[in-house]
Amino acid sequence: MNSPKTVADLLKMEIPDPEKREFEDVSPGTHTAVIVGVVPLGYQVGKKIYDDYKGKTHNGYPVSFEVAIVFEVAEKLETGTFAGKNKAITLRFLRPTWQPKKSPNLKDIIETLHGKFDSFGDATALLTGKQCVLGITKDKYTNVSSVNKPMNGVPPVVPNGPFEVPKFLTKLIGESISAEEFSKPSKIAPPTPVSGGNSEVF
């Protein structure tokens, strides 16, 4: 798999967990699915800052509270130790109301599958266990292009077992910083801003 070059590339990637099971892409098309985990990743520090960014920063770099949703689909792994188990795909959100054009945002997903809600802090309770239908596309990477309500008469997807946070998400959690850290005065010179960034924050 090629390494991601931008944040958008990272968001679109379906990232394997080689310590947990063999990895196979979810095929392009429409898939029945279940949300098996909603994982708060904590405050993550971006790699560059834009001149129109107005949000939280840490040593000059943008900071956002990120969340990941892990889906299992009805399509099965075909080879390896875990053949016959559901395939999985993950969506990572930098902001609840913004996402690259090819993927839905967190706010839209909650409202589609649950309805109106009061706080993004309730995302785990509102989404975990929800059945849905995913639209999957593939160009350079595998993309979740849509998340919709389940279809009537279609058998639900039964999760593989108790949810375990994938190790690549555990690593990101370990790299997160506390609110106290990014609220302290910067101790180093900020990076040079880049023009034309997305200034939406939360």
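Residues numbered from 1 in each chain as written. Predicted model: local features only at pLDDT ≥ 70, side-chain atom pairs only at ≥ 80, totals over all residues. Heavy atoms only, no water.

For the environment of Cys-132, give the residues involved together with the corresponding values.
Position of Cys-132 relative to the elements: it lies in strand β5 (residues 131-138). The exposure class assigned to Cys-132 is buried, which follows from its relative accessible area of 2%. In this structure, the C-alpha to C-alpha distance between Cys-132 and His-31, residues 101 residues apart in sequence, is 8.5 Å. When residues no more than four places from it in sequence are discounted, the contact partners of Cys-132 are His-31, Thr-32, Ala-33, Ile-35, Phe-71, Leu-113, Val-147, Asn-148, Lys-149 and Pro-150. (Helix = DSSP H or I, 4+ residues; strand = E, 2+ residues; numbered from the N terminus. Buried < 20%, exposed > 50% of the residue type's maximum accessible area, 1.4 Å probe, protein only. Contact = heavy atoms within 4.5 Å.)

For the side chain of Glu-24, give the residues involved together with the corresponding values.
Its location among the elements puts Glu-24 in the loop between α1 (7-12) and β1 (29-45). Polar contacts involving the side chain of Glu-24 include one to the side chain of Thr-79, which spans 3.0 Å. (Polar contact = N/O pair within 3.5 Å; in protein donor to acceptor, adjacent residues only side chain to side chain.)

An account of helix α2 (residues 106-113) is needed here, citing residue identities and associated values.
Among the residues of α2, Leu-106, Ile-109, Ile-110 and Leu-113 are the ones counted as buried. The arc that holds the buried residues of α2, viewed along the axis, is 95 degrees, so those residues lie on one side. If you follow the buried residues of α2, they end up packed against β1, β3 (61-76), β4 (86-93), α3 (123-127), β5 and β6 (142-148). You can read the cap of α2 off the contacts: a side-chain oxygen lies 3.1 Å from the backbone nitrogen of Lys-107, and it is on Asn-105. Gly-115 sits one or two positions beyond α2 and adopts a positive phi of about 115 degrees. (Arc of directions from axis to C-beta.)

Report on the nonpolar core, specifying residues and quantitative values.
By size, the foremost hydrophobic cluster in this structure holds 24 residues, and its most contacted members are Ile-69, Phe-71, Leu-127 and Leu-134. Leu-134 has contacts with Gly-29, Thr-30, His-31, Ala-33, Phe-71, Val-73, Ile-89, Val-144, Ser-146 and Val-147, leaving out every residue within four places of it along the chain. Counting residues in hydrophobic clusters, the runner-up holds 10 residues, among them Val-36, Leu-41, Val-157 and Leu-169. (Core = buried A, V, L, I, M, F, W, Y, C linked by side-chain atoms within 4.5 Å.)

Describe the pattern of salt bridges, and please don't skip the residues or the numbers.
Scanning the entire structure with this criterion turns up seven salt bridges. Ionic pairing is found between Glu-66 and Arg-92, a salt bridge with its closest N-O pair at 2.5 Å. Of the two residues, Glu-66 sits in strand β3 while Arg-92 sits in strand β4, which places them 26 residues apart along the sequence. Each of Glu-24, Glu-75 and Lys-87 takes part in one network of salt bridges that share partners. (Salt bridge = Lys/Arg side-chain N within 4 Å of Asp/Glu carboxyl O.)

Provide a residue-level description of the environment of Ile-110, including the pertinent values.
Residue position: Ile-110 is located in helix α2. Overall, the relative accessible area of 0% leaves Ile-110 in the buried class. Ile-110 sits 10 residues away from Phe-120 along the chain, and the two C-alpha atoms are 8.9 Å apart. Here Ile-110 is in contact with Gly-115, Phe-117, Phe-120, Ala-123, Leu-126 and Leu-127, once residues within four sequence places are set aside.

Please provide a residue-by-residue account of the side chain of Glu-75, values included.
Its place among the elements puts Glu-75 in strand β3. Of note is the side chain of Glu-75, whose polar atom sits 2.5 Å from the side chain of Ser-27. Setting aside residues no more than four positions away along its own chain, Glu-75 makes contact with Asp-25, Val-26, Ser-27, His-31, Lys-85, Asn-86 and Lys-87.

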